[in-house]
Amino acid sequence: MANKVKLKTLVEKMNLKNLTPDVDLSEKEVEIPDINRPALQLTGFFEHFDSERVQIIGYVEYTFLEKMTDEVKKKKIYETLLSYKIPCLIFCRNLPPEAMLLEMAEKANIPVFQTEKKTSEFTAEIIRWLNVELAPCISIHGVLVDVYGVGVLILGESGIGKSEAALELIKRGHRLVSDDVVEIRRVSDETLVGTAPDITRHFIELRGIGIVDVKALFGVLSVRETQNIDLVITLEEWNKNKEYDRLGLEEEYTEFLGNKVVCHHLPIRPGRNLAIIVETAAVNHRQKQMGYNAAQELYKRVQQNLIKK
């Protein structure tokens with residue numbers, strides 16, 4: 001289920017100037033990750049009006065309003081527009097809304113904001129930000145690390161060694177995103193973004209030692225706020241009766257929120273260096289993304305050798 005964004009947070013992130021300070025923003029929220037430029041609505045056409053979206057007034061809409069009389073604007077446009085209880089109105093390019101609109105908006109309890117940015121630039125920025133914030137989100141038990149720019153999500157049963165592997169990776173120069181709980185957001189059909197809950201950000205739990213502050217111990221270069229999830233590694237106890245993939249000719253996938261991610265199952269035995277294996281898996285995944293598959297290359301060599309014989 002999609003999240004909701006507090007209007008206050010939107011104002012802070014987009015650096016908006018509040019032109020209606022008497023309107024209380026504390027309970028106001030945005031639920032739709034799209035915007036609307038009410039061009040047709042300013043002509044009086046309100047059918048199919050996306051009133052639940054953030055409304056943006058650009059230079060074209062503003063100059064169109066300037067050509068209308070106050071009576072037409074008040075009775076036919078502003079009263080109808082504000083009756084829909086839109087989330088807010090945002091004027092771009094520092095265009096100043098007239099006093100009549102601000103007065104009517106305050107009475108209707110609808111905030112009006114102003115930004116200095118150009119309309120197209122601001123529209124792209126707010127849509128991108130809202131798409132991330134309002135994306136479908138789930139929380140899972142795991143560890144997310146950035147290994148050579150590849151987002152590796154480490155899964156496995158509690159106590160199997162996920163946090164210890166992450167700590168070793170941090171010592172080797174890689175970056176922690178989240179330990180124990182990872183919040184996954186589906187920001188597009190291709191992209192999953194992982195973050196840490198605010199309360200556990202930058203902390204790792206090590207059994208027998210306790211809570212470790214990674215940012216304080218290893219510095220700001222050892223952590224990052226968000227990371228795309230490119231690869232999943234599931235740690236599991238070694239089972240001698242199970243057949244493990246030794247070639248990697250075919251990819252396995254796991255699914256989060258409808259998006260598929262490449263997944264490797266890693267059997268755990270004493271003496272296996274998990275950090276080096278995770279590093280190698282990340283580099284190998286990156287190499288495959290660039291068009292080279294070592295398993296396929298080996299297969300070609302074997303086939304060529306058989307043909308020669």
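Parameters at a glance
- Residues numbered from 1 in each chain as written.
- Predicted model: local features only at pLDDT ≥ 70, side-chain atom pairs only at ≥ 80, totals over all residues.
- Heavy atoms only, no water.
- Helix = DSSP H or I, 4+ residues; strand = E, 2+ residues; numbered from the N terminus.
- Buried < 20%, exposed > 50% of the residue type's maximum accessible area, 1.4 Å probe, protein only.
- Contact = heavy atoms within 4.5 Å.
- Areas by Shrake-Rupley, 256 points an atom, 1.4 Å probe, with all protein chains shown as cover.
- Lys, Arg positive; Asp, Glu negative; His and termini not counted.
- Charge placed at Lys NZ, Arg CZ, Asp CG, Glu CD.
- UniProt positions renumbered as here; feature names shortened; annotations may be inferred.
- Salt bridge = Lys/Arg side-chain N within 4 Å of Asp/Glu carboxyl O.
- Polar contact = N/O pair within 3.5 Å; in protein donor to acceptor, adjacent residues only side chain to side chain.

S.K.: Please give an account of the overall build of the protein that cites residues and values.
M.R.: Of the regular secondary structure elements, the protein holds 9 helices and 19 strands. Dimensions of the protein, computed from the C-alpha atoms along their principal axes, are close to 90 × 55 × 30 Å. The buried share among the 309 residues of the protein stands at 44%. At a minimum sequence separation of 6, the contacts of the protein that also span at least 24 residues come to 68%. Summed over its atoms, the accessible surface of the protein is roughly 17600 Å², and 49% of this surface lies on carbon and sulfur atoms. Charge-centre separation for the protein: the mean point of 41 positive side chains lies 5 Å from the mean point of 46 negative side chains.

S.K.: I'd like to hear about the UniProt feature "active site" (unreviewed entry) in the protein, residue by residue, with values.
M.R.: Mapped onto the present numbering, the UniProt feature "active site" (unreviewed entry) falls on H141, K162, D180 and R246. What stands out for the annotated residues spanning 106 residues is how far apart their C-alpha atoms range, the widest pair being 29.2 Å apart. Within the secondary structure, D180 sits in the loop between strand 11 (175–178) and strand 12 (181–186).

S.K.: Tell me about the pattern of salt bridges, residues and numbers included.
M.R.: For the structure shown, the criterion picks out 17 salt bridges. Note that E279 and R172 form a salt bridge whose closest N and O atoms lie 2.9 Å from each other. In this pair, E279 sits in helix 8 (residues 274–289) while R172 sits in the loop between helix 6 (162–171) and strand 11, placing the two residues 107 residues apart along the sequence. A relative accessible area of 8% places E279 in the buried class. Take R172: its relative accessible area is 38%, and that puts it in the partly exposed class. In this structure, the salt-bridge partner of E297 is R301, at a minimum N-O distance of 3.8 Å. Taken as a pair, E297 and R301 lie in helix 9 (residues 294–308) at a separation of 4 residues, close to a single helical turn. Given a relative accessible area of 26%, E297 falls into the partly exposed group. Put simply, D70, K73 and E98 are held in one network by salt bridges that share partners.

S.K.: Provide a residue-level description of the side chain of Q55, including the pertinent values.
M.R.: Relative to the elements of secondary structure, Q55 occurs in strand 5 (residues 54–57). Exposure remark for Q55: the relative accessible area of 0% places this residue in the buried category. In this structure the side chain of Q55 is engaged in a polar contact, spanning 2.8 Å, whose partner is the side chain of N36. Sequence-distant contacts of Q55, defined by excluding residues within four places in its chain, comprise N36, P38, F49, D50, I86, C88, L89 and I90.

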